[in-house]
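Coordinates in review
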Amino acid sequence: MRKLALTREVKTVLAEMSSKVHTIFPSFPRRRESKQQSGLWIPAFAGMTARGRAAWHLPASVGAGALLATLTLLSPLPALAAEAPLLHPMFQDHGVLQRGHPITVWGQAKPGESVTVTLGDAKVSAKAGKDGRWQASLPAHAAGGPFTLTAKTATATQSAADMLVGDVYLCSGQSNMEVQVRRALDAYNETGPRANQPKMRYLAVERDTAITPRSDFAKPVRWQVVSPQTVGDMSAVCYFFGREMRKLEDVPVGLINSAWGGSTIEAWMPEQALREQGDYQRELSFLSQYDSNRIDGVRAFTARWQEWWGTVGQGRPWTEVFGQGDGWREAPAGFRAWESWGVPDMAAYNGLVWMRATINLTAEQAKAGTALHLGPVDDLDVTWVNGQPVGSLYGPGDPRRYPLPPGTLKPGANTITVAVIDNYGDGGLYGSAQSQAIELADGTELPLPAPWQYRPANVDVSAAPHAPWGTVDGLSTIHNAMLAPIGPYGVRAALWYQGESNTAKPQQYRSLLTGLMAGWRRQFGADLPFLIVQLPEWGYPQDKPVESNWALLRESQRAAVAADPRAGLAVALGVGDWYDIHPANKQIVAKRLVRAARKVVLGEKIAPSGPLPAAVTRTGDSISVRFTDIDGSLIALSYHRPLGFELCGEAAGSCRFVDATLKGDTVTLAADGGPAVRVRYCWADSPICNLYDTARQPAGPFEWPVK
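Model, not experiment: these values are computed from the prediction.

**Here's the deal with the state of the cysteines**
Scanning the model with the defined rule gives three disulfides in all. Paired through a disulfide, Cys171 and Cys238 show a sulfur-sulfur distance of 2.1 Å. For the disulfide bridge between Cys171 and Cys238, the dihedral angle about the S-S bond is near 75°, and by the sign convention the bridge is right-handed. One end of the pair, Cys171, is in strand S8 (residues 156-173); the other, Cys238, is in helix H6 (residues 236-248), with 67 residues separating them in the sequence. The class of Cys171 is buried, set by a relative accessible area of 0%. Given a relative accessible area of 0%, Cys238 falls into the buried group. Cys682 shares a disulfide with Cys689; S-S distance 1.8 Å. Sign of the S-S torsion, about 120° for the bond between Cys682 and Cys689, identifies this disulfide as right-handed. Assigning the bonded cysteines of the chain consecutive numbers by sequence position, one obtains the connectivity 1-2, 3-4, 5-6.

What follows is the structure, given as structure tokens:
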């Protein structure tokens, strides 16, 4: 074979690449007992853009094509599939396996190859299928360890050391499940010596999405031993829950945290569970089209979005040529949130803003154009080039790169039109001017010239369609990448802290939560217990009864749990924050989850969620609310009578605060001659309520018909 002398610069790049591979893929084997030939792992550099070169820190003097040619002349490269780990990434050093049930273990080997799996004295065998996947079932183990889990074939062996057997808990949801220990109350002490928990292990699943379910993680995962050095970045609710459970049962605890801030419940539901809802058929068809042919999916969805625009807006702004049309303004120089532009009517703007730019291309450039870069967008965009839809995504702050089908660009002036929708906080296009560009086939990028133009649209965006392949609001997209790869791993219970992102449609949440629990049980077992955190208070309290989506969603959570004997509710009112949607007191949330777990997981005879209404009846001019699930007796805190009770008529807006008295297990309300067909308690985004039992468990919010 002809050898090619490598320059010092190329050798340095190769060494850095090798190091970077193992940084990005720590589970990629450096050392492995194998009869297969080893060699250098090489990424594909053909067609690498400037962004890709920057990601690998390639010097400009090292041409991508030349480097690829150099690497091609090196010693033969191994087949990457042959070097894939035998064990699935869930099975790594320091992991925890679920006690008391057969232990399912799986991985990848050569098709038809026999695999022997051992754990302690237990040994089982399996055979890889045509796709190379194998799965074995070890007998149930009692709590204990450490053990070594080993998978072995005729050509390779892989082991996971320091494995414990105990209880495994899956923690999921949005940002309040993500909030780290270092951000929680008393973080200084919580990250100190008390975090020495060698029998607690933690695995975090990295944020990711996929259109279809994956069997493996696209991003590396690893088990960590809980210690002062590692606990700070762990989920506070998840960690505090595990620590409290260990106080009840002295067994090892494994915590799997798979959460994503801002995510909707639909993104976490399997496709089958969404289809069973009956409300997502059209969106799921867009997703299927997108999976088969991206641009077909984009066109189908955008047609739906344009239908919606036709019901709330005027004209077809995506068809207007740059410089034409009424109401367009020149955007300030620099790409930043429109709230910071210094434009008075944009200073606190939430809603839809049309934005557009233009670029002149030669015939050669138009033919070579392959993608549009927009940089980060907050929150949602729908994008057209010359009136043709090219992409849409809900992903706050995520950079956009949309492939351009042949014929989209043309010689001369090209108009890029973007509908940006922001519902909360900052909004708009971010990044530098170089973030917005046309990418050519050779990797060259042509920045979109300034100035951009913008036009606010004063329309109701609450019903605006979202592309089903979005990040935090897609349909099944997070489930496919962050939950499906966990496979049939043994789990004792699932913790769910989510709902803030679904308050726009709160009454639908009961069905969605029921569907999520059913869908996850198909993966982890029909008897999987669920522990649900009810939303805490957030926002400034009101001085009169209000209609509240947050209260409605809490009611949906309560009703879904009440209908499921394998689910428990942790009432989080009383530990929220008027000014922070991420309250710091995660310790109390965890303790309330543990109380629910004592009933639905451990089987104790205990009131799991605080006092609950049992009956609401009318006698003359008074309404009686009788409670059950009282630990001790009912008490009213900080006042001589209960606060937060309302009597309502049938219509919305008919509720009024009423005086209440407490005796034994019953609260009596004065009807005062007004309508009284339903009772509400603790009903607002941020209600002030004071009914507890002597075990310090709050009575949760509810709406109940009067009989």
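The structure having been displayed, the exposition proceeds.
**Focus on the side chain of Thr383**
Its place among the elements puts Thr383 in strand S15 (residues 380-385). Sequence-distant contacts of Thr383, defined by excluding residues within four places in its chain, comprise Leu372, Leu374, Gln388, Pro389, Val390, Gly391, Tyr402, Ile416, Thr417 and Val418.

**Some remarks on a nonpolar patch on the surface**
Together, Tyr540, Trp578, Tyr579 and Ile688 line one region of the surface with nonpolar side chains, adding up to about 520 Å² of accessible area. Counting through the fold element by element, Tyr540 comes out in the loop between strand S24 (530-533) and helix H13 (549-562).

**Regarding the environment of Arg400**
Here Arg400 lies in strand S17 (residues 398-403). Within polar-contact distance, the side chain of Arg400 engages the backbone oxygen of Val377 at 3.4 Å.

**Details of the pairing of S24**
Taken residue by residue, a regular strand's side chains alternate between the two faces of the sheet. Burial along S24 is two-sided: the face carrying Phe530 and Ile532 and the face carrying Leu531 and Val533 are both buried. Here strand S23 (residues 493-497) pairs with S24 via three bridges, running parallel. Counterpart to Ala494 in the pairing with S24 is Phe530. Crossover handedness for the path S23 to helix H12 (residues 509-524) to S24: right-handed.

**Considering H13**
With 14 residues, H13 extends 20 Å from end C-alpha to end C-alpha; this agrees with the ideal 20 Å at 1.5 Å per step. Summarising burial for H13: eleven of the 14 residues are buried, a large majority. Turning to H13, its buried residues are Trp550, Ala551, Leu553, Arg554, Glu555, Ser556, Gln557, Arg558, Ala559, Ala560 and Val561. Where H13 begins, one side-chain oxygen reaches toward the backbone nitrogen of Trp550, 3.3 Å away; that side chain belongs to Ser548.

**So, the packing of H6 against helix H14 (residues 586-600)**
At a closest axis distance of 8 Å, the pairing of H6 and H14 adopts a crossing angle of 50°. By the criterion of interaxial angle, the relationship of H6 to H14 is oblique. For the crossing formed where H6 meets H14, the hand is right-handed. Contacts from Ala236, Val237, Phe240, Phe241, Glu244, Met245 and Leu248 in H6 reach Lys586, Gln587, Val589, Ala590, Lys591, Leu593, Val594, Ala597 and Arg598 in H14. The residue inventory of the contact of H6 with H14, partitioned by class, reads eleven nonpolar, one polar and four charged.

**Digging into the packing of aromatic side chains**
The full count for this structure, using the stated rule, is 29 aromatic pairs. Measuring from centroid to centroid gives 5.9 Å for Trp305 and Trp354, while their planes differ by 85°, and the two rings are edge-to-face. Here Trp305 is found in helix H9 (residues 294-312), whereas its partner Trp354 is found in strand S13 (residues 351-361), with 49 residues between them in sequence. Neither residue differs from the other here; Trp305 and Trp354 are each classed as buried. Measuring from ring centre to ring centre gives 5.2 Å for Trp309 and Trp354, while their planes differ by 80°; the resulting arrangement is edge-to-face. Taken together, the residues span a long stretch of sequence, with Trp309 in helix H9 and Trp354 in strand S13 at a distance of 45 residues. For the pair shown, Trp309 and Trp354 are each scored as buried. Three or more aromatic residues joined by ring pairs make a cluster, and in this case those are Trp305, Trp308, Trp309, Trp318, Trp354 and Trp384. In this structure, Arg356 packs its charged tip against the face of Trp328, placed 3.8 Å from the ring centre.

The rules behind the values
- Residues numbered from 1 in each chain as written.
- Predicted model: local features only at pLDDT ≥ 70, side-chain atom pairs only at ≥ 80, totals over all residues.
- Heavy atoms only, no water.
- Disulfide = S-S within 2.5 Å.
- Helix = DSSP H or I, 4+ residues; strand = E, 2+ residues; numbered from the N terminus.
- Buried < 20%, exposed > 50% of the residue type's maximum accessible area, 1.4 Å probe, protein only.
- Contact = heavy atoms within 4.5 Å.
- Patch = residues over 30% accessible without salt bridge, like charges linked within 9 Å, V, L, I, M, F, W, Y side chains within 5 Å.
- Areas by Shrake-Rupley, 256 points an atom, 1.4 Å probe, with all protein chains shown as cover.
- Salt bridge = Lys/Arg side-chain N within 4 Å of Asp/Glu carboxyl O.
- Polar contact = N/O pair within 3.5 Å; in protein donor to acceptor, adjacent residues only side chain to side chain.
- Pairing = 2+ DSSP bridges.
- Right-handed = clockwise from strand over helix to strand, strands pointing away.
- Expected span 1.5 Å × (residues − 1).
- Axes fitted to C-alpha atoms, helices over the stretch in contact; angles between N-to-C directions.
- Parallel < 35°, antiparallel > 145°, perpendicular 65-115°, else oblique.
- Left-handed = near helix turned anticlockwise from the far one by under 90°.
- Nonpolar A, V, L, I, M, F, W, Y, C, P; charged D, E, K, R; others polar.
- Phe/Tyr/Trp six-rings, centres within 6.5 Å; stacked < 30°, edge-to-face > 60°.
- Lys NZ or Arg CZ within 6 Å of the ring centre and 35° of its normal.

In short, shape yes, function no, at least from these values alone.
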